[in-house]
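# Understanding the architecture of this molecule
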Amino acid sequence: MVRLLALAVIPILALCGGLQFPTPTWSGSVPGDWGRLTVLDTSHAPLFLIDRGDRVAACTLHSGEYVTKYDLPRLGTSLNFRGDSARPCGFSLIGDVDNDGIEEFVVAINRTISKYKLINGTLAMTSVASVRLHPDSGRTWITDGCIGDITNDGRNEILIAAARARPPSAGGDSWSVVTLFVCRWDGDSLVQMWNDQGTLNLELPPIDFATEEMCTIADIRNIGINKLILSEGMGDDVHPAVYRELVWKDGGLKEAGFFQLRDGVLQPEQWPGDLLHAATGCQFGRVNGKTAILADIVTRGCVWQGELFVFSGDSTIQHRVLWSDANLDLQSPSMGTLIDPDGKGVGALRIMNPWTGGRRFEFYRL
């Protein structure tokens, strides 16, 4: 049994700049290597993945305690929750790639991509594939990926960024062109629908720090059109987050501009950007049927706040300040994500790392 959440409602009324922050639904300590939330079986119960070295525990929530439901292999470096910079190039994604309502693990390591599915309590590899520029060319080196409905037809695709040359090691560089592939799993066959032939000029990321990375496929303005959102890395300093958008149009992906979340609106890219009132990072999710953005906003005095936004086109239709780091002694700013931990509704999960006492969490039901 893994004790993860203490179901005590702890009243916290923090006043900062005239704001009264909501009381978290739950709060408590975070166990060692806490991974992400996923749905792996026909019960559709959310499962938390907890890294145990060479194994991964998939746990369900019961009366405030997490109980191991499945004990899964770690799949080598693919389920790397620590973000180890020495891992091979590729990615590890979790998503419903065959549109059956159950999520799969999709693991790309170097030039091979594999799909794993939970079958009879066991994580089984059901498909191995590669991506090529054309049928008689060599396999490409896979660098990044994303799962979602980019074609807006109600069915998920998998987007894969790959290059002909191996990505550079830490501190290195490469001029190899990156190709963006749009693929779909037809049963256990990976089918290539389209690729950009390198015309979108995606970056080939070095391993030592992030540059351009696929973030999500989402309808962030709630207008009925999903777009690919890429996070534009700017080195290892703290900076306003800049996002690039690509939209599916006329049978391929096209440029749709850049944006920052600043002063409560989605503004066109600004160079250089002042940190004040800007988001240094965003998490995207679905809340009450709409796409919501949970943003880390910098306020005066370099204080970070967790703020929730829902947009309709260019207008903000919901804005809530959920927490502030003003009165906390933290090693780094707290981070948040949008999840439904028990099937009873999406909320904002805040992870904090104080100088003493270990990592802690607060969960706010929305």
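Basis of the calculations
- Every chain's residues receive numbers from 1 upward, in the order its sequence appears when written.
- Confidence filtering applies because this is a predicted model: local features only for residues at pLDDT of at least 70, side-chain atom pairs given and counted only at 80 or more, and all residues used for totals across whole chains, interfaces and linings.
- Heavy atoms from the whole structure form the basis of all side-chain values; hydrogens and water molecules are not counted.
- Secondary structure is summarised from DSSP: a helix means a run of H or I of at least four residues, a strand means a run of E of at least two, and numbering begins at the N terminus for each.
- The cut-offs for exposure are 20% and 50% of the maximum accessible area for each residue type, with area from a 1.4 Å probe on protein chains only; residues under the lower value are buried, those over the upper are exposed, and the others partly exposed.
- Only heavy atoms matter for contacts: two residues are in contact if any of them lie within 4.5 Å across the pair.
- Here, Shrake-Rupley sampling with a 1.4 Å probe gives the accessible areas, and only protein chains in the shown set may cover a residue.
- When DSSP finds at least two bridges between two strands, those strands are taken to pair.
- Helix axes are fitted only over the stretch in contact, all axes being lines through C-alpha atoms; the angle between N-to-C directions runs from 0 to 180 degrees.
- What counts as a salt bridge is simple: a side-chain nitrogen of Lys or Arg found within 4 Å of a carboxyl oxygen of Asp or Glu.
- Per-residue confidence from the predictor is reported as pLDDT, which spans 0 to 100.
- Working definition of a nonpolar core: buried Ala, Val, Leu, Ile, Met, Phe, Trp, Tyr and Cys residues. They are joined through side-chain atoms within 4.5 Å.
- The charge count treats Lys and Arg as positive and Asp and Glu as negative. His and the chain ends do not count.
- Between N or O atoms, a polar contact is any pair within 3.5 Å; within protein, one atom must be a potential hydrogen donor and the other a potential acceptor, and residues adjacent in sequence are included only when both atoms are from side chains.
- Surface patches are drawn from residues lacking salt bridges whose relative accessible area is over 30%; two like charges belong together within 9 Å, two nonpolar side chains (Val, Leu, Ile, Met, Phe, Trp, Tyr) within 5 Å.
- By convention, the charge on Lys lies at NZ, on Arg at CZ, on Asp at CG and on Glu at CD.

When helices and strands are tallied, the protein chain shows 0 helices and 27 strands. The buried share of the protein chain, reckoned over its 366 residues, is 51%. Nonlocal contacts in the protein chain, meaning residues at least 24 apart in sequence, comprise 44% of its contacts between residues at least 6 apart. For the protein chain, the accessible area works out to roughly 16600 Å², and carbon and sulfur atoms hold 50% of it.

The next thing to look at is the environment of T42. With respect to the helices, strands and loops of the structure, T42 is situated in the loop between β4 (33-38) and β5 (47-51). Distance from T42 to D100, taken between C-alpha atoms, is 9.4 Å for residues 58 residues apart in sequence.

What follows concerns the sheet that holds strand β12 (residues 141-148). Here we have 4 strands laid out as an open sheet, ordered β12-β13-β14-β15, and antiparallel in their pairing. A strand with exactly one partner marks an edge of an open sheet, and here the two such strands are β12 and β15 (189-195). Strand-to-strand twist of the sheet, defined as the mean angle between neighbouring strand axes without regard to direction, takes the value 30°. Bridge count for strand β14 (residues 178-186) against β15 is 6 bridges, and the pairing is antiparallel. Following the sheet pairing, F181 is matched in β15 by N195.

Using the criterion set out here, one finds 14 salt bridges in the structure. The salt bridge partner of R55 is D71, with a shortest N-O separation of 3.0 Å. Placement of the pair is R55 in strand β6 (residues 55-62) and D71 in strand β7 (residues 65-73), with a sequence separation of 16 residues. Residue R55 is classed as partly exposed on the basis of its relative accessible area of 29%. K227 is the salt-bridge partner of E245, the closest N and O atoms lying 3.9 Å from each other. On the criterion of sequence distance, the pair formed by E245 in strand β18 (residues 242-249) and K227 in strand β17 (residues 227-232) is long-range, its members being 18 residues apart. K227 carries the same exposure label as E245, and that label is buried. Residues participating in the shared-partner salt-bridge network are D98, D100, E104 and K117.

Next up on the list: the sheet that holds strand β22 (residues 290-299). What the 4 strands build is an open sheet, ordered β21-β22-β23-β24; its pairing is antiparallel. Because the sheet does not close on itself, it has two edges, and the strands there are β21 (279-287) and β24 (315-324). Averaged over all adjacent pairs, the angle separating strand axes in this sheet is 25°, with direction ignored. Pairing of β22 with strand β23 (residues 303-312), which is carried by 8 bridges, proceeds in the antiparallel orientation. Looking at β23, one finds that A295 is bridged to E307.

For the protein chain, per-residue confidence averages 83 on the pLDDT scale, and residues scoring 70 or more make up 83% of the total. Predicted confidence for residues 1-17 stays below pLDDT 50, and this span has 56 contacts to residues more than four positions away or in other chains.

One finds I150, L159, L180, M214, L228 and L253 to be the most contacted residues of the largest nonpolar core, which totals 19 residues. Put simply, the parts of the chain that give this core at least two residues each are β13 (157-163), β14, β16 (212-218), β17 and β18. Counting residues in each nonpolar core, the second largest holds 18 residues, with L93, I158, A162 and L190 among its members.

Summarising the element assignment, D219 is placed in the loop between β16 and β17. In this structure D219 is buried but unpaired, with R286 as the nearest side chain of opposite charge at 5.4 Å. Separated by 3.1 Å, the side chain of D219 and the backbone nitrogen of N222 make a polar contact. At 2.7 Å, the side chain of D219 forms a polar contact with the backbone nitrogen of G224. Aside from chain neighbours lying at most four places away, what touches D219 is G224, I225, N226 and T291.

The grouping of R111, R132, R139 and R166 at the surface amounts to a positive patch. Along the polypeptide, R132 turns up in the loop between β11 (122-129) and β12.

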